[in-house]
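Below, each chain spelled out in residue letters.
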Amino acid sequence: MTASQVSEITTLQLTPPTDSKTRVSQFMKQIQDHICQGLEQLDGLGKFREDAWDRPEGGGGRSRVMREGDVFEQGGVNFSEVWGETLPPSILAQRPEAAGQGFYATGTSMVLHPRNPYIPTVHLNYRYFEAGPVWWFGGGIDLTPYYPFAEDAHHFHQTLKQTCDRYHQEYYPVFKRWCDEYFYLKHRQETRGVGGIFFDYQDPQSPLYKGPDPKGAAALYSDEVGTPNSRDWESLFSFVQDCGQAFLPAYRPIVERRRSREYGDRERQFQLYRRGRYVEFNLVYDRGTIFGLQTNGRTESILMSLPPLVRWEYGYEPEPGTPEAELYETFLKPQDWANWTAPNSQV
């Protein structure tokens, strides 16, 4: 970091405002309302059922689940805020400087499992964390298609890139690479889907990438960028708010394009098989799931991300030349989706 960057940062808001928890909590509830209203309109049939819950150690949340809609076989949009005196091990492993502090965490998370195999599963999570003087924003969004449509992946990524670019030209390149790294099933050696953006531990004094792989693509790109200047609590909060607002424009056109496409048992069985990868990731790797279970969150809310129906098949190999094979060969490997041009329009 240069001397001029240090000088500029000292004039920025390095500590949260006094009403930070109230403001972020209010936004997280508002974005839950906004997304749920948009999804009910999009589905046309399904409605969200809300369960409010309290955490004995401090905090609670609102879990909203839709089942058996016209589009969504099952989906949930959750809000939670929790606080306590003892930090969970998953946080201390990443931010040991927060040891000995009480903590506050709030966020909104969403997973949607459509019935039609041609509509992708989608996941979203945005969160805020405070532990004494330590604070950060994190989150992201990613798309998991079962059948390969390049224009869907392109639209999704372009929408996210445009949102990121309004704040920093290097946000999307780093956060896209971080997403490819994070949503990766190491035991399968494949990405969960076509990615999106993912970021964590965002504060004014940290590099854009603060993840576990210092030699990965996200870390190497972030090292070239260095620690950005002109970032403070307010700018990061604005960025997270705009990311939340970008969900419906990123996902709704894909649903509208695919919802009437006819499918058969072959496509349905492949969808159920690929949903198994979603289960594997969420139970083995997902930090939100681990954090929720370690902090005695509401188990039903934590595991609402799992699909209602799923299957596993021993030794499955897609038939060469099929759409299923194309998913494996191209769509489950990192691609420059924002600049992708499909050789032939797939509609």
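What you see is a predicted model; the values in this text were computed from it and never measured.

1. Points about empty space enclosed by the protein
Empty space left among the atoms is revealed by rolling a probe the size of a water molecule over them. In this structure the tally under the stated criterion is 3 cavities of 30 Å³ or more. Empty space within the largest cavity amounts to approximately 850 Å³. What lines the largest cavity is a set of 48 residues, among which S109, N125, G288, T289 and F291 lie closest to the centre. It is strand β4 (residues 103-114) that provides the largest number of residues to the lining of the largest cavity, a total of 7 residues. Taken as a whole, the second largest cavity encloses approximately 50 Å³ of empty space. A per-class count over the lining of the second largest cavity returns 9 nonpolar, no polar and 1 charged.

2. Quick look at the confidence of the model for the chain
Mean pLDDT over the chain works out to 91, with 95% of the residues at or above the 70 mark. Counting interchain partners and residues more than four positions distant, the pLDDT-below-50 stretch residues 3-11 has 8 contacts.

3. As for the packing of helix α7 (residues 233-245) against helix α8 (residues 247-258)
Packing of α7 against α8 leaves a shortest axis separation of 4 Å and a crossing angle of 20 degrees. Judged on the interaxial angle alone, α8 and α7 are roughly parallel. Residue-level contacts link C243, G244 and Q245 of α7 to F247, L248 and P249 of α8. Its residues placed into classes, the contact of α7 with α8 shows 4 nonpolar, 2 polar and no charged.

4. Things to note about the packing of aromatic side chains
On inspection of all chains with the given rule, the structure shows 36 aromatic pairs. Plain terms: the ring middles of W135 and F137 are 6.1 Å apart, the flat faces sit at 80 degrees to each other, and that makes the pair edge-to-face. The two residues W135 and F137 agree in class, both being buried. Taken together through their ring pairs, the aromatic side chains of Y118, Y147, F149, F270, Y273, Y316 and Y328 make up a single cluster. Across the ring face of Y278, the terminal group of R192 is positioned such that the distance to the ring centre comes to 4.0 Å. The residue whose ring lies beneath R261 is Y118, and the NZ or CZ to ring-centre distance is 4.7 Å.

5. Brief notes about helix α5 (residues 171-182)
For α5, which comprises 12 residues, the first-to-last C-alpha distance of 16 Å matches the rise-based estimate of 16 Å (1.5 Å per residue) to within 8%. Among the 12 residues in α5, 10 count as buried, and that is most of the element. Buried within α5 are the following residues: Y171, Y172, P173, V174, F175, K176, W178, C179, D180 and Y182.

6. Regarding the environment of L160
The residue L160 is located in helix α4 (residues 150-165) in this model. The buried category is assigned to L160, whose relative accessible area is 3%. Each C-alpha atom of the pair L160 and F247 lies 8.4 Å from the other, and the pair is 87 residues apart in sequence. Other than its neighbours up to four places away in sequence, L160 contacts I141, Y172, G196 and I197.

Cut-offs used in this document
- Residues numbered from 1 in each chain as written.
- Predicted model: local features only at pLDDT ≥ 70, side-chain atom pairs only at ≥ 80, totals over all residues.
- Heavy atoms only, no water.
- 1 Å grid on protein atoms, 1.4 Å probe; cavity = no way out; pocket = protein on both sides within 12 Å on 5 of 7 lines; lining within 4 Å.
- Points joined across faces, edges and corners; volume = space filled by probe spheres on them.
- Helix = DSSP H or I, 4+ residues; strand = E, 2+ residues; numbered from the N terminus.
- Nonpolar A, V, L, I, M, F, W, Y, C, P; charged D, E, K, R; others polar.
- pLDDT = per-residue confidence, 0-100.
- Contact = heavy atoms within 4.5 Å.
- Axes fitted to C-alpha atoms, helices over the stretch in contact; angles between N-to-C directions.
- Parallel < 35°, antiparallel > 145°, perpendicular 65-115°, else oblique.
- Phe/Tyr/Trp six-rings, centres within 6.5 Å; stacked < 30°, edge-to-face > 60°.
- Buried < 20%, exposed > 50% of the residue type's maximum accessible area, 1.4 Å probe, protein only.
- Lys NZ or Arg CZ within 6 Å of the ring centre and 35° of its normal.
- Expected span 1.5 Å × (residues − 1).

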